[in-house]
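Each chain, letter by letter, is given below.
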Amino acid sequence: MGYASKSPWVIHYDGSSCNGCDIEVLATLCPGFDGERFGVVNTGNPKHADIFLVTGSVNEQNIAVVKEIYDQMVEPKVVVACGICACTGGVFHDCYNVIGGVDKAIPVDVYAPGCAVRPESLIDAIVEGVKVLDEKAAALKAAKKGGR
Amino acid sequence: MGKATVIPFGPQHPVLPEPLHLDLVVEDETVVDCMPQIGFVHRGLEKLVETRDYNQFIYIAERICGICAMGHSLGYAETVEELMGVEVPKRAEYLRVIWHELSRIHSHLLWLGLAADAFGFESMFMHCWRLRERILDIFEKTTGGRVILSVVKVGGVARDIDAGQMSEILATLEGIKSDYGALMRTLLTDSSIKNRTVGVGAIGYDDAVALSMVGPFARASAVNYDVRSFGRGAYGDLADFQPILDNQGDCYARVKVRCLEVLQSIDIIAELAAKMPAGDIAVPVKGSPADGAQASNVLEQPRGECYYYARGNGTKHLDRMRMRTPTSQNLAGMATALKGCDLADVNMIILTIDPCISCTER
Ligand code: SF4
């Protein structure tokens, strides 16, 4: 990817992660890895966010919260599953209170595995997410034109 | 007095990296009551002892929480070793404590950053996390992992730290000291920070004892309780260990206690590195815990005392594994500290107990 059409604003939500991936998400945005080099800005407001970073798996209690945040985000939007728990449930896949990966709740565009996910692969996933975001934006535009 | 209103706080909230929900009952700008609601991170991992044997479960135990991962694997291993009567080599005990103290430094730096972020000092947050990366570099060099280390096993440790690596670690810690000193000076003397922390959310000694608070949260209220002072394992070989206390019990005291604990941990590591015995780093562990055997253990995590209990049933699987984590001990204290505070101070007070929800809910 040579050119990103915008700086991706990200929102992070901790599903039922062990914190390992959460602190790696934050570390990605901090000086050591400096995700801001790629224009990544962290926001707490779903309505401002382009990319949804979810860590941890979903369960009965948080599935509604994950869906709610996703629904509040404005199209086009991208979901990145951060860490193996968010991808598939990981080591906790057979726990009684774990439904599974985030894709059991909302559509996931990019999977970033790892336990904990490494900041390098997170940056990679976000950059990949920007590409998907651009494609989705183009598709939306085309659909609008076609509709009129 | 105005009418009571309920303000929901969380589970998704900008100051919280973790999901915790509070119903805050406010009158005008004052919080009169608060009801925590948890359960967003519950996985039910204690039950996994039924499907993972006692050697495999250590990898589950360290994923109770990614911040205190090292501590949980250590606490679990010690409990199982007691259950099975395993004697761990001295060198392994030293290495375990060195990694554990390193993870205390990383945890406190992480927390200082989050606290700075809570009072709107974002560059301080970045500086704390920049220093923390140096500790994570040590983890990565010595164990291969940054947050989940997987270095403790039942019977000892999986990797050694050789003399060259050890002197590198000491040099890194020595190098951090001056940067850290500058951060600490700002945190403890800057007037804008003091405005947000001094006298806020104070808890007296009697309340702290009555509410069974643990860790730096309790020590800031002058409760002299630190599991490390029991002198078990390598802690027993320290020339002197005094818990760091403060008697103000407010947010400022909590910041101060944690700030000083980082320096204390650096000293502990330096002392143990100098005394490091030679020898094996693990003993082979065979067999299974006996039917009905029980063991319990406490450990000083970065957030306070953590209790572990295990019971065997004669097979490779444990019959029961139970932990009681510091944050679940401290939630009552947090709810008390919140009562009567200003709505604007809620963030700060919640953060100064250093809540770890994924530990609490497991
Ligand atoms: S993938 Fe690993 S580090 Fe991340 S939340 Fe799951 S258990 Fe924790």
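Now for a description of the structure that goes with this document. Throughout, a residue's number is its position along its own chain's written sequence, starting from 1. Note on labels: chains are lettered from A, ligands numbered from 1, in written order. With pLDDT at 70 or above as the cut-off, local features in this predicted model cover only qualifying residues; side-chain atom pairs require 80 or more to be listed or tallied, and sums for whole chains, interfaces and linings still use all residues. Side-chain calculation: all heavy atoms of the structure are included, whereas hydrogens and water are not.

## Some details on the overall build of chain B
Quick note on the threshold: Under the scheme used here, helices are H or I runs from DSSP no shorter than 4 residues and strands are E runs no shorter than 2 residues, and both carry numbers assigned from the N terminus. Put simply, the radius of gyration uses C-alpha atoms, and a globule should come to 2.2 Å times the residue count raised to 0.38. Relative accessible area decides the class of each residue, using a 1.4 Å probe on protein chains only: under 20% of the type maximum gives buried, over 50% gives exposed, and in between gives partly exposed. Whether two residues are in contact is decided by their heavy atoms, any of which lying within 4.5 Å being enough. Accessibility throughout is a Shrake-Rupley quantity obtained with a 1.4 Å probe, and a residue counts as covered only by protein chains that appear here. In summary, the charge assignment counts Lys and Arg as positive and Asp and Glu as negative, without counting His or the chain termini. The atoms used to mark charge sites are NZ of Lys, CZ of Arg, CG of Asp and CD of Glu.
Scanning chain B for helices and strands turns up 12 helices and 8 strands. Taking 362 residues into account, the globule formula puts the C-alpha radius of gyration at 21 Å, and chain B, at 21 Å, falls close to it. Looking at chain B residue by residue over its 362 residues, the buried ones come to 60%. Sequence separation of at least 24 residues holds for 70% of the intrachain contacts in chain B that already meet a minimum separation of 6. Accessible surface computed for chain B: about 12900 Å², of which carbon and sulfur atoms make up 50%. With 36 positive and 46 negative side-chain charges, chain B shows a separation of 4 Å between the mean positions of the two kinds.

## Points about the pattern of salt bridges
Definition in use: By definition here, a salt bridge exists when the distance from a side-chain nitrogen of Lys or Arg to a carboxyl oxygen of Asp or Glu is within 4 Å.
This structure, assessed with the given rule, holds 24 salt bridges over all chains. A salt bridge links Asp109(A) to Lys136(A); the nearest nitrogen and oxygen atoms lie 3.1 Å apart. On the criterion of sequence distance, the pair formed by Asp109(A) in the loop between α3 (84-88) and β5 (110-112) and Lys136(A) in helix α4 (residues 119-147) is long-range, its members being 27 residues apart. The shortest N-O distance in the salt bridge between Arg219(B) and Glu261(B) comes to 2.7 Å. Note that Arg219(B) is positioned in helix α8 (residues 215-219) and Glu261(B) in helix α9 (residues 251-275), a separation of 42 residues in sequence. Judged on exposure class, the residue Arg219(B) and its partner Glu261(B) are both buried. In this structure, a network of salt bridges that share partners links the residues Glu101(B), Arg104(B), Arg219(B), Asp226(B), Arg228(B), Glu261(B) and Glu300(B).

## Points about unusual backbone geometry
Residue and element names in this part refer to chain A. With an omega of -10 degrees, the peptide bond between Glu75 and Pro76 qualifies as cis. Among the structural elements, Pro76 can be located in the loop between α2 (63-72) and β4 (78-82). Across the junction of Cys115 and Ala116, the peptide omega takes the value -10 degrees, indicating a cis bond. A positive phi angle, close to 90 degrees, is found at Asn19, a residue other than glycine. Counting through the fold element by element, Asn19 comes out in the loop between β1 (9-14) and α1 (20-29).

## Overview of the site of the ligand
Short version of the rule: A molecule or strand has a residue near it when one of that residue's heavy atoms lies within 4 Å. In this analysis the probe radius is 1.4 Å and the grid spacing 1 Å, with only protein atoms considered; a cavity is a set of points the probe fits into but cannot get out of, a pocket is an open set with protein on both sides within 12 Å along at least five of seven lines, and lining residues have an atom within 4 Å of a point. To be counted as sitting in a cavity or pocket, a molecule needs more than half of its atoms within 2 Å of that site's grid points. In the scheme used here, Gly and all other residues not listed as nonpolar or charged are polar, with Ala, Val, Leu, Ile, Met, Phe, Trp, Tyr, Cys and Pro taken as nonpolar and Asp, Glu, Lys and Arg as charged.
The environment of the ligand is formed by Ser17(A), Cys18(A), Gly20(A), Cys21(A), Ile84(A), Cys85(A), Phe92(A), Gly114(A), Cys115(A), Ala116(A) and Arg63(B). More than one chain reaches the ligand: the nearby residues come from chains A and B. Taken atom by atom, the bulk of the ligand overlaps the second largest cavity. Those elements that provide at least two residues to the shell around the ligand are α1 and α3 of chain A. Taken together, the residues of the shell around the ligand break down into 7 nonpolar, 3 polar and 1 charged.

## Let's talk about the layout of surface pockets
All names here are of chain B. Under the convention used in this document: Grid points are joined across faces, edges and corners, and a volume is the space filled by probe spheres set on the points.
Its volume calculated, the second largest pocket comes out at about 420 Å³. Lining of the second largest pocket is provided by 23 residues; of these, Glu78, Glu93, Arg232, Gly233 and Asn297 occupy positions nearest its centre. Elements with a contribution of two residues or more to the lining of the second largest pocket: α2 (69-84), α3 (90-118) and β6 (294-301). Ranked by the residues each element gives to the lining of the second largest pocket, the list is headed by α2, at 5 residues. Considering only residue class, the lining of the second largest pocket consists of 10 nonpolar, 4 polar and 9 charged.

## Describing the state of the cysteines
One way to say it: the disulfide is the covalent bond shared by the sulfur atoms of two cysteines. Rule in force here: Cysteine sulfur pairs qualify as disulfides if the two atoms are within 2.5 Å.
If you walk through the whole model with that rule in mind, you get 0 disulfides over all chains. In this structure Cys82(A) is a free cysteine whose sulfur lies 7.3 Å from that of Cys21(A), the closest cysteine sulfur available.

## Details of the interface of chain A and chain B
What counts, and what does not: Accessible area that two parts lose when put together, evaluated with a 1.4 Å probe and summed over both, is termed the buried area. Here a polar contact means two N or O atoms within 3.5 Å. Within protein one must be a hydrogen donor candidate and the other an acceptor candidate, and residues neighboring in sequence count only if both atoms are side-chain atoms.
The interface is formed by 39 residues belonging to chain A together with 41 residues belonging to chain B. Overall, the association of chain A and chain B removes approximately 3100 Å² of surface from exposure, summing both partners, and the carbon and sulfur fraction of that is 63%. In terms of surface lost to chain B, no three residues of chain A exceed Ile23(A), Gln61(A) and Tyr96(A), which account for 17% of the buried area on that side. Salt-bridge contacts for Glu24(A) lead to Arg146(B); the nearest nitrogen and oxygen are separated by 2.7 Å. Applying the counting criterion to the chain A and chain B interface returns 8 residue pairs in polar contact (both at pLDDT 80 or more).

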